[in-house]
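One-letter residues, chain by chain:
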Amino acid sequence: MPALRAPPPLPGIPAPDELPVVGSLLGFARDPIAFLQGLQRDHGDLVQLTLADHRVLLVSDPDLLETVFVTEWRNLHKDAIYDKTRPMLGNGLVTSEGDAWKRNRKLAAPSFTPRHIELYRATMQRCVDTWIAAQPDQAEIDLAHEMMGLTRDIVLETLFGGDLDLDVSVAGHAIEAFMDEFVVEVRGWRRFAPDWLPSPGRRRAQRAVAALDDLIARVLAARRAKGLGDDLLSQLLSARDEDGHGLDDRQLRDEAVTMFAAGHETTATALTYALLLLASHPEEQRRLAQSPERAEAVLKEAMRLLPPVWAVGRETQAAIRLGEHDVPAGTQILVAQCVLNRNPTWFPDPDAFRPDRWLDGGPDLPRFAYLPFGGGPRVCIGNHFAMMEGTLLLSAIVSAFDTVALGPVPPPMTPSITLRPRGAIPARISHRAGIGGESGRAAT
């Protein structure tokens, strides 16, 4: 294994005290969110750190973030962490770069316009109605498990269609297995092991990828035999570029898995945390039950406090100018929503759950002070889909049920690609007095 050696420090940019060789890696690995929040608090909105063999800049200034996401976006690619997801995501929109990303983004974009995703509202409503009807009058549930199942059903139907005689539930299990191993791959001992070194965890991840490959091959064959529909996979199958060429089967596989992974776990996590925060703030929960139009404000505030996408990374492919500093090629740029979202300059009383801050047009924020879906040309293509799904499900569930938290708020969490709950999120749900499932759904 080659010796760990990070590029030299950049002059003029503050840095914390660090250990030899590994730098800040141990503190970051123990608690990434608390560590990054402490860096920003102690050193400001631009700070450098060493993570083993990487020179990293933590950027939290909205003006500098405009440089990262807009001005210099062509000179910044996804960072080294994203490479660890390629066995699962392949060369889909999350991981691809350059001309491949540009072409596939253009082919996929028509399927994600606000007008087109309205086609899926009825599916979302039907799925949440079914979930509500299946709940007893009172029950103790795992919010994380239930929301993961609900959003999985929605993304499977909107992505693959509901008319294929196939069991596609394996997709969720396979991605869950891969993500479990991803945490070990980037934060455990395997971070320092060569990719060719086998281990039980790596074999488990390989089996998960093989299961996804087999499933998508069967889904593509079934969809072609059945004929195209309104589902997202059908849209990708029929998409053509200006030369009349579409996506080949490998590209279709990569985009389908990317859409499933991105459209499933992030929305489920956002809903879980929104319901949990409401469960610990009964007055806010009552307000939403009486005024379902508050759902968007509640969801935005939940994503601010407990962001499903807690950080994103980039790597400079060429030297760039960041504010007053020259940043060489090969530098890692870390943008941490978990830091941005609690900046008291933009969010007074930043640790408080205050959905009202998003009403009446929301706070007067700089363009890059709040980034639940990223920013610039690479902003999440599914942002409209996610917000429609999240607000619809949240308002429906809160209109039907009163929820009481049975565990800590916030819960134990694992910062993986997403800010995942670590274990169950126990809660007690009960039908609202005088509001049965049907009238609760009518409120949406």
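All of the points below concern the structure found in this document.

What counts as what
Residues numbered from 1 in each chain as written. Predicted model: local features only at pLDDT ≥ 70, side-chain atom pairs only at ≥ 80, totals over all residues. Heavy atoms only, no water. Pairing = 2+ DSSP bridges. Helix = DSSP H or I, 4+ residues; strand = E, 2+ residues; numbered from the N terminus. Axes fitted to C-alpha atoms, helices over the stretch in contact; angles between N-to-C directions. Disulfide = S-S within 2.5 Å. Buried < 20%, exposed > 50% of the residue type's maximum accessible area, 1.4 Å probe, protein only. Phe/Tyr/Trp six-rings, centres within 6.5 Å; stacked < 30°, edge-to-face > 60°. Lys NZ or Arg CZ within 6 Å of the ring centre and 35° of its normal. Parallel < 35°, antiparallel > 145°, perpendicular 65-115°, else oblique. Left-handed = near helix turned anticlockwise from the far one by under 90°. Contact = heavy atoms within 4.5 Å.

Through backbone hydrogen bonds, the strands of a sheet pair up, either in parallel or in antiparallel fashion. Strand order in the open sheet formed by three strands is β4-β12-β9, with antiparallel pairing between adjacent strands. In this open sheet, the two strands that pair with only one neighbour each are β4 (138-142) and β9 (401-405). Averaged over all pairs of adjacent strands, the angle between their axes in this sheet comes to 30°, without regard to strand direction. By the bridge criterion, five bridges tie β9 to strand β12 (residues 426-431) in an arrangement that is antiparallel. Along β12, the bridge assignment pairs Thr403 with Ile429.

Below, the discussion takes up the state of the cysteines. What the rule picks out here adds up to zero disulfides. Here Cys338 stays free of any disulfide, with the sulfur of Cys380 as its closest cysteine sulfur at 18 Å. Classification of Cys338 by relative accessible area gives buried; the value is 4%. What makes Cys380 partly exposed here is its relative accessible area of 31%.

The subject of this paragraph is the packing of aromatic side chains. Enumeration over the complete set of coordinates arrives at eight aromatic pairs. When the centroid spacing of 6.4 Å and the interplanar angle of 85° are considered together, the rings of Phe28 and Phe35 count as edge-to-face. The same class applies to Phe28 and to Phe35, which are both buried. Seen in terms of ring centroids, Tyr120 and Phe385 are 6.1 Å apart; in terms of plane orientation they differ by 55°. Their pairing is tilted. Here Phe385 lies in helix α17 (residues 383-400) and Tyr120 lies in the loop between α7 (114-117) and α8 (121-134), a separation of 265 residues in the sequence. Grouping residues by exposure puts Tyr120 and Phe385 together as buried. Each member of the aromatic cluster is reached from another via a ring pair, and the members are Phe347, Trp358 and Tyr370. For Lys78, the ring lying beneath its charged end belongs to Tyr82, and the centroid distance is 4.5 Å. Here the guanidinium or amino end of Arg304 rests over the ring plane of Phe347, the centre of that ring lying 5.2 Å away.

Right, let's get into the packing of helix α9 (residues 143-160) against α17. For the pair α9 and α17, the least separation of the axes is 12 Å and the interaxial angle reads 135°. Looking at the two axes, α9 sits oblique to α17. Between α9 and α17 lies a crossing of right-handed hand. Contact with α9, carried on its side by Met147, Leu150, Thr151, Ile154 and Thr158, involves Phe385, Glu389, Leu393 and Ile397 of α17 and no other residues of that element.

Nothing here speaks to function; it is geometry throughout.
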